[in-house]
Amino acid sequence: MPGGPGDLLRQVLQTGQCVSCGLCLDLCPYLQAAAERVVMIHHCGLEEGNCFRVCPRTPTDWEEMDRRVFGAPRADHVLGHYRQILFARATDPVVAAAGQYGGVVSALIIFALDGGKIRGAVLTAGAPGEMPQPALAVSPDEVLACAGSKYSAAPSLRALHEAARRGVEPVAVVGRPCQVLAVRKLQAVQGIEAHHLAGRKVALVVGLFCFWALEPGFHAFLRAVAGKARILKVDFSPESMLVRTDRGPLCKPVEEVRGFIRPACRECFDPTAEFADVAVGSTEYDEAWNTLVIRSKRGEALVRAALEAGAIEVRPYPPERLPALRAAVRSKKLRALEVQASRGESSYLLIPAGYRQALTGRDQR
Amino acid sequence: MSASGVRLDDPGRSVLLTGNEAVARGALEAGIAYASSYPGSPSAEVLEVLAALAEERGFYAEWSVNEKVALEGAAAASLAGLRSICIMKADGLNVALDTLTALSASGTKGGLVVVVADDPGAHSSVKEEDSRYLGKVAHLVILEPADPQEARDMTVAAFGLAEQLRAPVMLRCVTRVCHASGNVVLGTLPPKPAGRPHIGCQERYITHVAYHRIQEERLAQAREIGEGWPFNAYQGPPEPEILVITAGPGYLYAREAVEVLGLEGRVGILKLGMSWPLPEKFLLRHLKSASKVLFVEEVEPFHEENVGYLVACHLEEVFPLALYGKKSGHVAGPKGPGLGEIDVDTVIRALAALAGIPYEAQPGDYGREARELVKKIPRRELGFCAGCPHRASFWALKTAIALDGREVVVLGDIGCYTLGAGRSGHYLMQTVHAMGSGVGMASGLGKLERLGFSQPVVALVGDSTFYHAAVPALINARYNQSRFLLVVLDNGTTAMTGHQPHPGSGVTALGKRVPALSMEEVAGAFGIPVTVHDPYDVKGAVEALYRLLRQDGVRVLVLRRAYALLTARQEKKPRVYVDPKRCLGDACGCHRFCSRVFGCPANTWDAALGRAKIDETVCTGCGVCATLCPQGAIVVEEVTRNGA
């Protein structure tokens with residue numbers, strides 16, 4: 001469905017629905033961001049534009065997207081398309097230590113870089129307590145420098161345009177589910193040379209589980225929590241925020257950061273990056289491992305190659321854990337539908353009736 | 001601007017000079033010892049010429065920090081017994097007025113001539129002030145030349161008159177005198193200024209209300225002089241039916257109109273060379289003989305009002321007499337009576353109506369044809385020059401304000417950057433008043449917090465304006481603990497009026513190198529934090545603006561980059577071109593950012609190719625567009641000195 005900058009303003013930017021994915025930034029000179037807030041500097045006057053086409057929060061045809069990315073309608077309305085769900089982690093202890101949980105994202109990206117499958121990766125850089133920044137990593141060291149969850153909405157897809165400008169291709173994109181959707185929408189844009197090319201340069205999309213991102217005020221909050229201690233890593237459990245520092249761990253109830261949740265995230269229907277090649281999250285179970293959802297053939301091939309090369313190791317997803325994951329995702333989706341209904345406005349969630357019904361019925365799995 | 005004709009020591013020779021050059025020539029012939037000015041159109045060239053000749057003629061010339069200081073400097077020379085001239089535009093008179101009204105009361109010694117150039121139609125001004133009213137307020141004699149020859153003649157005469165009256169004399173020029181060229185018969189150049197400047201221990205120049213009487217007596221004396229003064233002249237039949245009272249270039253329009261209409265037998269022209277005080281007896285003599293009077297003057301109905309009052313006082317002598325002009329609506333330019341410039345057509349229409357002659361200034365299809373032709377003229381709007389750093393500064397400011405997200409108030413000021421009130425500056429400026437006004441207003445807005453005003457405030461000021469009038473406002477803001485961001489758009493010169501130097505330039509009007517007085521030093525000395533950034537680095541400038549917008553107190557950001565056209569002349573400019581393979585044309589989505597939105601005149605559109613294009617003859621090679629093109633399609637190629 002066509003739209004332009006005016007529609008983007010009305011439907012996304014002015015309604016607080018922007019997720020700061022960063023893809024529209026640098027598409028044109030008129031969209032810029034500061035402190036994870038995307039603004040339109042100038043209305044270009046066009047009725048249709050790529051800013052609207054690629055935005056993950058403009059109306060999206062989910063059934064079409066399922067067909068485009070996976071070649072078939074979805075069978076699972078909670079977790080989306082997937083071939084396999086596993087526990088996985090990096091075998092290299094340095095990578096595992098740098099990354100969140102098992103460090104499997106860093107391991108896969110470094111593996112793809114080393115094997116020449118990609119020439120660079122669109123990532124997010126920044127130490128805990130600092131505002132994260134888009135990063136285009138072209139070496140394993142640069143990948144490791146970006147390891148670890150950031151918890152806020154860095155517009156990291158900006159680095160995708162940087163890659164196109166610098167001629168770094170193909171690239172992997174590691175991003176939040178909204179960013180994955182944005183990249184897929186970019187890849188779906190036809191006929192407009194440059195942006196189409198920027199999309200085609202993406203050889204691998206790694207999605208990160210994300211139930212919400214926090215507004216930039218969180219970073220200052222984190223610094224205040226840590227005081228003079230140096231923050232090493234931040235982690236969230238359903239109940240609390242755990243901050244590991246050089247002076248020992250600090251723990252805060254998750255309620256204290258809820259106020260920082262980006263309003264747009266309350267309407268997110270996709271916490272597990274359903275359109276990624278592989279999606280990675282915590283296990284909520286074993287800190288040394290990640291949950292790895294293999295979604296596409298391409299993702300499957302990468303994981304298989306990484307396993308064969310010994311870059312990662314996997315173990316079966318504990319069957320007794322699956323209902324908890326499904327329940328969490330399902331409840332997030334239902335909440336998103338509720339919030340959207342209560343706002344009573346048109347939304348990016350053009351969720352087909354079948355998708356809704358499948359959710360509201362009893363989860364059969 | 002050329003000093004070559006002005007400097008000729010060849011009495012009696014006729015030389016083509018502009019009005020401004022003619023004023024300078026008159027000043028030379030009068031033997032000035034001191035000349036001062038703050039540059040302003042349309043009179044900026046007077047001091048430029050004088051400064052170029054100061055060395056060889058042995059007098060002093062300076063670009064002063066503002067008109068008030070300029071006048072005070074010239075007045076000081078006068079008090080020391082020297083002839084001095086001070087040149088300003090109409091707006092400058094407002095700045096100098098306090099001093100001028102006082103000088104008129106205290107009296108002066110050496111001839112002091114104050115040249116005030118009005119800009120009817122405001123070709124290069126923000127308003128079209130008629131400074132004759134202020135001259136009247138100051139109890140000054142006002143002379144009005146009509147052409148370059150008169151500009152020279154009246155300037156010479158003004159010095160004598162000033163010395164005779166022991167008070168400043170005002171020479172009121174308008175754009176069409178300043179910028180017009182005409183033959184000027186040169187007079188004799190005196191030897192270098194004679195006499196030692198001196199103020200005797202018994203001399204006093206005190207401003208006091210007691211001298212109001214002397215001011216009035218002086219005007220009465222001047223009125224008597226005016227009665228027989230050759231510049232107040234009448235030409236026409238002894239008993240004209242219509243009397244045109246005019247001054248300045250209106251006189252030339254009136255003469256042409258009479259000739260065109262063949263009204264030589266019915267219309268007389270009374271030209272006032274001295275617009276104030278009025279030569280009442282001379283006027284009355286001619287008013288009595290006419291039955292209709294037409295006033296031809298720019299901009300306001302100054303003569304119309306003053307002669308109208310004279311007529312009212314002598315009604316019985318002049319009756320029956322009808323007055324026509326702006327008030328009656330007969331003298332009206334395209335914008336209406338009392339608005340903008342007038343021209344020959346204006347006067348022809350008015351005279352034809354009074355004489356009852358049918359006259360069509362634009363016969364037949366002229367109007368329609370003209371409108372058709374006008375359509376073919378490419379539309380040009382006011383905008384910054386190619387490569388102008390202000391364009392980059394305004395884009396950075398627009399970006400930073402959007403990123404800030406709050407309703408930032410942008411206060412403007414006077415200079416090239418005033419164009420930022422229009423499309424060239426994305427309509428960012430919300431106020432434009434007078435030199436330095438934006439800073440004073442920012443100081444005021446910054447104090448409204450306790451009343452609930454929470455919008456961030458940005459004041460924009462140019463470098464020359466900074467020194468001219470922003471400094472007291474800045475002191476006020478610092479003293480009263482206001483809060484705003486002052487952005488100085490520093491291109492290192494007074495660009496609007498022809499790049500004259502200013503205190504930050506490090507060079508004087510005489511071309512002497514002096515230590516530059518930097519804004520950092522000035523504001524820094526007030527304890528105000530100053531950041532300096534290059535506007536050509538748009539991204540960095542945005543970051544600086546964004547950061548500073550979020551700070552408290554008074555802070556200054558100097559966006560510094562030398563005036564583009566000057567540097568383009570001095571340096572080997574890089575070659576900038578569009579790579580047609582990278583530019584996506586209308587498929588880009590930027591909707592022609594470079595040529596349409598950023599709007600540098602060098603960024604054009606190749607319609608045949610459907611791609612952006614750089615006009616290399618206009619481009620200064622700044623490369624800012626290359627940093628902003630979303631496709632990186634603009635290439636900046638450094639050109640080395642040996643031409644590779």
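This write-up is about the structure you can find in this document. (Residues numbered from 1 in each chain as written. Chains lettered and ligands numbered in written order. Predicted model: local features only at pLDDT ≥ 70, side-chain atom pairs only at ≥ 80, totals over all residues. Heavy atoms only, no water.)

1. Focus on the overall build of chain B
Link 1 in the chain: For chain B, the count of helices and strands is 22 helices and 23 strands.
Link 2 in the chain: Against the 2.2 N^0.38 benchmark of 26 Å for 644 residues, chain B shows a C-alpha radius of gyration of 27 Å, consistent with a compact globule.
Link 3 in the chain: Taken along the three principal axes of its C-alpha coordinates, chain B extends 80 × 75 × 60 Å.
Link 4 in the chain: In chain B, buried positions account for 57% of the 644 residues.
Link 5 in the chain: Pairs at least 24 apart in sequence give 79% of the contacts found in chain B among residues at least 6 apart. (Helix = DSSP H or I, 4+ residues; strand = E, 2+ residues; numbered from the N terminus. Rg over C-alpha atoms; globule rule 2.2 N^0.38 Å. Buried < 20%, exposed > 50% of the residue type's maximum accessible area, 1.4 Å probe, protein only. Contact = heavy atoms within 4.5 Å.)

2. Focus on the interface of chain A and chain B
Link 1 in the chain: Counting residues at the interface gives 22 residues for chain A, matched by 21 residues for chain B.
Link 2 in the chain: The junction of chain A with chain B conceals about 1700 Å² of combined surface from both sides, 60% of it contributed by carbon and sulfur atoms.
Link 3 in the chain: Summed over the three residues of chain A that lose the most area to chain B, namely Pro29, Tyr30 and Ile41 of chain A, the buried surface amounts to 28% of that side.
Link 4 in the chain: Taken together, the links from chain A to chain B amount to zero salt bridges.
Link 5 in the chain: Joining chain A to chain B, the criterion identifies six residue pairs in polar contact (both at pLDDT 80 or more).
Link 6 in the chain: Among the secondary structure elements, those contributing two or more residues to the side of chain A that touches chain B are strand S1 (31–34), strand S2 (37–40) and helix H9 (193–200) of chain A. (Buried area = accessible area lost by both parts, 1.4 Å probe. Salt bridge = Lys/Arg side-chain N within 4 Å of Asp/Glu carboxyl O. Polar contact = N/O pair within 3.5 Å; in protein donor to acceptor, adjacent residues only side chain to side chain.)

3. Focus on the pairing of strand S6 (residues 171–175) of chain A
The two faces of a sheet get side chains in turn, since along a regular strand they alternate between them.
Residues and elements named next belong to chain A.
Link 1 in the chain: Burial analysis of S6 places five of its five residues in the buried class, which makes it a mostly covered element.
Link 2 in the chain: Side chains Val171, Val173 and Gly175 of S6 all project onto a buried face; the interleaved residues Ala172 and Val174 project onto the opposite face, where all are buried too.
Link 3 in the chain: Of the pairings in the sheet, the one linking strand S4 (residues 120–125) to S6 comprises three bridges and is parallel in character. Directly across from Val122, in S6, lies its bridge partner Val173. (Pairing = 2+ DSSP bridges.)

4. Concerning the packing of helix H8 (residues 212–227) of chain B against helix H10 (residues 280–289) of chain B
All names here are of chain B.
Link 1 in the chain: It is the contact of H8 with H10, at a shortest axis distance of 7 Å, that shows an interaxial angle of 45 degrees. When the axis of H8 is compared with that of H10, the two are oblique. Packed against H8, whose contacting residues are Arg223, Glu224 and Glu227, the element H10 presents Glu280, Lys281 and Phe282 at the interface.
Link 2 in the chain: When its residues are assigned to classes, the contact of H8 with H10 shows one nonpolar, no polar and five charged. (Axes fitted to C-alpha atoms, helices over the stretch in contact; angles between N-to-C directions. Parallel < 35°, antiparallel > 145°, perpendicular 65-115°, else oblique. Nonpolar A, V, L, I, M, F, W, Y, C, P; charged D, E, K, R; others polar.)

5. A look at helix H13 (residues 322–343) of chain A
Residues and elements named next belong to chain A.
Link 1 in the chain: With 22 residues, H13 ought to run about 32 Å at 1.5 Å a step, and its terminal C-alpha atoms sit 32 Å apart, in line with that.
Link 2 in the chain: Packing partners of the buried residues in H13 comprise helix H14 (353–360).
Link 3 in the chain: One or two residues past the end of H13 sits Gly344, with phi positive at roughly 60 degrees. (Expected span 1.5 Å × (residues − 1).)

6. Some words on the nonpolar core
Link 1 in the chain: Leu31 of chain A together with Phe466, Leu474, Phe484 and Leu486 of chain B are the most contacted members of the largest nonpolar core, which totals 148 residues.
Link 2 in the chain: It is helix H15 (residues 389–404) of chain B that provides the largest number of residues to this core, a total of nine residues.
Link 3 in the chain: Apart from residues lying up to four places away in sequence, Leu31 of chain A is in contact with Leu8, Leu13, Cys24, Leu25, Asp26, Val38, Val39, Met40 and Cys51 of chain A. (Core = buried A, V, L, I, M, F, W, Y, C linked by side-chain atoms within 4.5 Å.)

7. Focus: the sheet that holds strand S14 (residues 322–324) of chain B
Residue and element names in this part refer to chain B.
Link 1 in the chain: Read across the open sheet, the five strands follow the order S9-S11-S10-S13-S14; overall the sheet is mixed. Edge positions in the sheet fall to strand S9 (233–235) and S14, since each has one partner strand and no second. On average, adjacent strands in this sheet sit at an angle of 20 degrees to one another, irrespective of strand direction.
Link 2 in the chain: Along the sheet, helix H9 (residues 250–261) contacts S9, strand S10 (242–246), strand S11 (267–271) and strand S13 (292–296); its crossing angle with S11, the most-contacted strand, is approximately 170 degrees.
Link 3 in the chain: H10 rests against S9, S10, S11 and S13 of the sheet, and its axis sits at about 155 degrees to S10.

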